[in-house]
Amino acid sequence: MELYSTIEESARLLDVPCSRDTVWPILSTYEEAFTHPAAVVAFRVATALRHAGELDCRFRTHPDVRDPYALALSKGLTPATDHPVGTLLSDIHDRCFVESHGIDFGVVGGFKKIYGAFTPDDLQEVSKLAAIPAMPRSLAENAEFFVRHGLDDRVGVLGIDYPNRTVNVYFNDVPAESFEPTSIHSTLAELGMAEPTEQMLKLGGKAFGLYVTLGWDSPKIERICYAAATTDLTKLPVPVEPAIEKFVQSVPYGGDDRKFVYGVALTPHGEYYKLESHYKWKPGAVNFI
């Protein structure tokens, strides 16, 4: 498969170990995704210590794959679990129409996440999602926060992280004032996140969306991320991190224009950056990181 060769070469250029035994089973399980006319494939790196030495790959599954988690289980890509994370996707399907799915895996860490995207004209309400039995209670615990910031009816994507047992909640059509420096400062203070740097505020001002990370073990929002999209990294208001610049130089892309999504994630302990570079891209595909 051409994509495996691309991943292997990209990993080599980034000094990331690439094992065929880790990557090939994932690519072969979802092989139809890469031959589909609407295929979307992206590579991603992050500057956080826990992401060091890893190259992530994300792709959209073939539309006919309505339960990618069951497929992952059947192929041994991820272990079965009694934790609610194992039933969350099916619970979401029982209550919401999921337009498409995405898969996220690491060249080193293997299968990681499944994304469920809703249609742009059917964004979901936090209250509806919070009522899903397997959903982390932390979503309901923070309902008032989402209402105050005009996000309570704008959920566009849910990302389920199986190894880390967390859920990313992505918001579409975020109010413009959410990206103003004063709003970012107050939001981060309210959530108990680290004080933002000037670089973070500049990038946040160009953001198109944001997401939060929630878990089952704490009522608090664990992380918040602001993301900006561009076809030219030099047009961003911040310099690119050295590790990310190396990534940009090492991974290939298809098409005339290169598509990037650059994000800054904040936790109570600080901030880190991540960049997604699209190998295959289609107009209208969901932007998120």
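What you see is a predicted model; the values in this text were computed from it and never measured. (Residues numbered from 1 in each chain as written. Predicted model: local features only at pLDDT ≥ 70, side-chain atom pairs only at ≥ 80, totals over all residues. Heavy atoms only, no water.)

## Details of the sheet that holds strand 9 (residues 260-267)
Reasoning step 1: One closed barrel holds the 10 strands; their spatial order is 1-2-3-4-5-6-7-8-9-10, and the pairing between them is antiparallel. Across the sheet, the axes of successive neighbouring strands diverge by a mean angle of 20 degrees, strand direction being ignored.
Reasoning step 2: Where strand 6 (residues 166-171) and strand 7 (residues 209-215) come together, 6 bridges link them in antiparallel fashion. Counted as the bridge partner of Asn-168 is Thr-213 from strand 7.
Reasoning step 3: Sheet strands in contact with helix 9 (residues 181-191) are strand 8 (223-230) and strand 9, and its direction is about 150 degrees off that of strand 8.
Reasoning step 4: Sitting on the sheet, helix 11 (residues 242-250) touches strand 1 (41-46), strand 9 and strand 10 (270-280), and the angle it makes with strand 10 is about 5 degrees. (Pairing = 2+ DSSP bridges. Helix = DSSP H or I, 4+ residues; strand = E, 2+ residues; numbered from the N terminus. Axes fitted to C-alpha atoms, helices over the stretch in contact; angles between N-to-C directions. Contact = heavy atoms within 4.5 Å.)

## Quick notes on the side chain of Glu-54
Reasoning step 1: Along the chain, Glu-54 turns up in the loop between strand 1 and strand 2 (56-60).
Reasoning step 2: Among the polar contacts listed, one links the side chain of Glu-54 to the backbone nitrogen of Val-108, at a separation of 2.8 Å.
Reasoning step 3: Of the polar contacts made by the side chain of Glu-54, one reaches the backbone nitrogen of Gly-109; its length is 2.8 Å.
Reasoning step 4: Residue contacts for Glu-54: discarding those within four places in its chain leaves Val-16, Val-45, Gly-106, Val-107, Val-108, Gly-109 and Lys-112. (Polar contact = N/O pair within 3.5 Å; in protein donor to acceptor, adjacent residues only side chain to side chain.)

## Side note on the pairing of strand 4 (residues 110-117)
Reasoning step 1: The buried fraction of strand 4 is high, at 8 of 8 residues.
Reasoning step 2: Inspection of the sheet shows strand 3 (residues 100-106) paired to strand 4 by 7 bridges, in the antiparallel sense. Note on strand 4: the bridge partner recorded for Gly-106 is Gly-110.
Reasoning step 3: Hairpin remark: strand 3 followed by strand 4, antiparallel, with 3 residues in the connecting loop.
Reasoning step 4: The pairing of strand 4 with strand 5 (residues 155-161) spans 5 bridges and is classified as antiparallel. The residue bridging Ala-117 from the neighbouring strand is Val-157, located in strand 5. (Buried < 20%, exposed > 50% of the residue type's maximum accessible area, 1.4 Å probe, protein only.)

## Notes on helix 5 (residues 88-95)
Reasoning step 1: Within helix 5, burial applies to Leu-88, Leu-89, Asp-91 and Ile-92. For helix 5, the angular spread of buried residues about the axis comes to 160 degrees, placing them on one side.
Reasoning step 2: Structurally, helix 5 contributes buried residues whose contacts are with helix 4 (68-74), strand 3, strand 4, strand 5 and strand 6. (Arc of directions from axis to C-beta.)

## Focus: the pattern of salt bridges
Reasoning step 1: Counted under the stated rule, the structure contains 11 salt bridges.
Reasoning step 2: The shortest N-O distance in the salt bridge between Asp-56 and Lys-112 comes to 2.8 Å. Of the two residues, Asp-56 sits in strand 2 while Lys-112 sits in strand 4, which places them 56 residues apart along the sequence. By the burial criterion, Asp-56 is buried, and Lys-112 matches it.
Reasoning step 3: Residues Arg-58 and Asp-104 are paired through a salt bridge, measuring 3.6 Å at the closest nitrogen-oxygen approach. Of this pair, Arg-58 sits in strand 2 while Asp-104 sits in strand 3, and the two are 46 residues apart along the sequence.
Reasoning step 4: Under the relative-accessibility criterion, Arg-58 is labelled buried at 7%. (Salt bridge = Lys/Arg side-chain N within 4 Å of Asp/Glu carboxyl O.)

## A closer look at the nonpolar core
Reasoning step 1: Phe-171 and Tyr-226 are the most contacted members of the largest nonpolar core, which totals 81 residues.
Reasoning step 2: Beyond its immediate chain neighbours, meaning those up to four positions away, Phe-171 contacts Val-126, Phe-146, Leu-151, Arg-154, Val-155, Gly-156, Gly-209, Leu-210, Tyr-211 and Val-212.
Reasoning step 3: Within the second largest apolar cluster, 10 residues are counted, among which are Ala-48, Tyr-115, Tyr-211 and Tyr-272. (Core = buried A, V, L, I, M, F, W, Y, C linked by side-chain atoms within 4.5 Å.)

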